[in-house]
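# Overview (structure and organization)
Spelled out, the chains give:
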Amino acid sequence: MRILVIEDDRATADYIAKGLREAGHVVELALNGKDGLFLALSESFDAIVTDRMLPGPDGLTILRALRAAKNATPVLMLTALAEVEARVEGLDAGADDYLAKPFVFSELRARLDALARRQGPASTEPTTLRVADLEMDLLQRRVRRGGRPVELLPTEWRLLEYMMRHEGRVLTRTMLLEHVWDFAFDPTTNVVDVHVSRLRRKIEAGADTPLLHTIRAAGYLLGKRD
């Protein structure tokens, strides 16, 4: 599944994201309500995990905005409020399930799996991403360029998947750090440049047309250019 996690506590957000990724899911993180609401309304997800208490719009406001926009993405709400009235308020606002903090990760994962079964098989989320002759099979976990297998390390896979999902867009180093590594911006690190360089060598080897471009003073772009 492609899952959005909206959680302002960095340690909790990283804990959830790490566990979900290890279970094979694709995770986007938002550390405040404003970014979470923007992502929830502008991108497609199979499920959303959101804290109730958030800076910016809180979890209830996000839920109400989603449902008002006819967005039916399943939402699992996390909260430190254990009162029955708080849980009822969340469910009335449009939450599909509720989990109190502190929680055990295995229960969170089981509840998300139950939400996915309740929704039935996803029909809109693609299982294969394509950019020109570059193809990523999300189910088989395979990448090919012009029919040639491309072997990627886990971080290279996440980097390429994020870039393929944003084909034709200039992605800054800050964006890549936040979405692929879950890092805040650090002007001293060259981790993005190193991994992009390695990824470029792998996907461009033997190809006639370059697909991964460096945009001077801006970032990187994946796609065909005139």
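Residues numbered from 1 in each chain as written. Predicted model: local features only at pLDDT ≥ 70, side-chain atom pairs only at ≥ 80, totals over all residues. Heavy atoms only, no water.

## A word on helix H2 (residues 33–42)
When we look at burial in H2, the residues that qualify are Gly33, Gly36, Leu37, Leu39 and Ala40. Axial view of H2: buried residues confined to an arc of 165°, hence all on one face. With respect to the buried face of H2, the exposed residues turned more than 90 degrees away are Lys34 and Phe38. The elements touched by buried residues of H2 are strand E1 (2–6), strand E2 (26–30), strand E3 (47–51) and helix H3 (59–68). Its side-chain oxygen placed 3.1 Å from the backbone nitrogen of lysine 34, asparagine 32 serves as the N-cap of H2. (Buried < 20%, exposed > 50% of the residue type's maximum accessible area, 1.4 Å probe, protein only. Helix = DSSP H or I, 4+ residues; strand = E, 2+ residues; numbered from the N terminus. Arc of directions from axis to C-beta. Contact = heavy atoms within 4.5 Å. Polar contact = N/O pair within 3.5 Å; in protein donor to acceptor, adjacent residues only side chain to side chain.)

## So, H3
Each full turn of the α-helix corresponds to 3.6 residues, which orients residues three or four apart in the same direction. When we look at burial in H3, the residues that qualify are Gly59, Leu60, Ile62, Leu63 and Leu66. End-on, the buried residues of H3 take up no more than an arc of 160°, which puts them together on one face. Lysine 70 occupies a position one or two residues after H3 and carries a positive phi of about 65°.

## Things to note about the packing of aromatic side chains
Centre distance and the angle of the planes are the two values used to describe a pair of aromatic rings. Considering all chains together, one arrives at two aromatic pairs under this definition. Residues tyrosine 15 and phenylalanine 103 carry aromatic rings whose centres are separated by 6.3 Å and whose planes lie at 40° to one another, so their mutual orientation is tilted. Residue tyrosine 15 is located in helix H1 (residues 10–22), and its partner phenylalanine 103 is located in the loop between strand E5 (97–100) and helix H5 (105–119); the two are separated by 88 residues in the primary sequence. Residue classification places phenylalanine 103 among the buried residues on the basis of a relative accessible area of 14%. An angle of 75° between the planes, with centres 6.1 Å apart, marks the rings of tyrosine 15 and phenylalanine 105 as edge-to-face. Of this pair, tyrosine 15 sits in helix H1 while phenylalanine 105 is found in helix H5, placing the two residues 90 residues apart along the sequence. Residue classification places phenylalanine 105 among the buried positions, given a relative accessible area of 13%. (Phe/Tyr/Trp six-rings, centres within 6.5 Å; stacked < 30°, edge-to-face > 60°.)

## Some details on the side chain of glutamate 156
As for its position among the elements, glutamate 156 is in helix H6 (residues 154–165). Its relative accessible area of 2% is what places glutamate 156 among the buried residues. Beyond its immediate chain neighbours, meaning those up to four positions away, glutamate 156 contacts Glu151, Arg198, Leu199 and Lys202.

## Quick look at unusual backbone geometry
Negative phi values dominate among residues other than glycine, just as trans dominates among peptide bonds. Cis geometry marks the peptide bond from lysine 101 to proline 102, where omega comes out at -5°. By the element assignment, proline 102 lies in the loop between E5 and H5. Positive phi values are uncommon outside glycine, yet arginine 141 reaches one of about 60°. As for its placement among the helices and strands, arginine 141 is situated in the loop between strand E7 (134–137) and strand E8 (142–145).

## Remarks on the pairing of E8
Side chains Val143 and Arg145 project from E8 onto a buried face, and the interleaved Arg142 and Arg144 project onto a face without burial. Bridging between E7 and E8 involves four bridges; their strand directions are antiparallel. Each bridged residue has a counterpart across the sheet, and for methionine 136 the counterpart in E8 is valine 143. Once E7 ends, the chain turns through four residues before running back antiparallel as E8, passing arginine 141 with a positive phi of about 60°. The pairing of E8 with strand E9 (residues 148–150) spans three bridges and is antiparallel. (Pairing = 2+ DSSP bridges.)

## Details of the sheet that holds E3
Spatial ordering of the open sheet is given by E2-E1-E3-E4-E5, a layout of five strands whose pairing is parallel. The open sheet terminates on both sides in strands that have one partner only, identified here as E2 and E5. Geometrically, the sheet is characterised by an average inter-axis angle of 20° between neighbouring strands, direction not taken into account. Direction of pairing for E3 relative to strand E4 (residues 75–79): parallel, over a ladder of four bridges. Bridge pairing links threonine 50 to methionine 77 in E4. (Axes fitted to C-alpha atoms, helices over the stretch in contact; angles between N-to-C directions.)

## Details of the side chain of glutamate 28
Of note, glutamate 28 is situated in strand E2. A relative accessible area of 4% means that glutamate 28 is categorised as buried. In this structure the side chain of glutamate 28 is engaged in a polar contact, spanning 3.4 Å, whose partner is the side chain of arginine 2.

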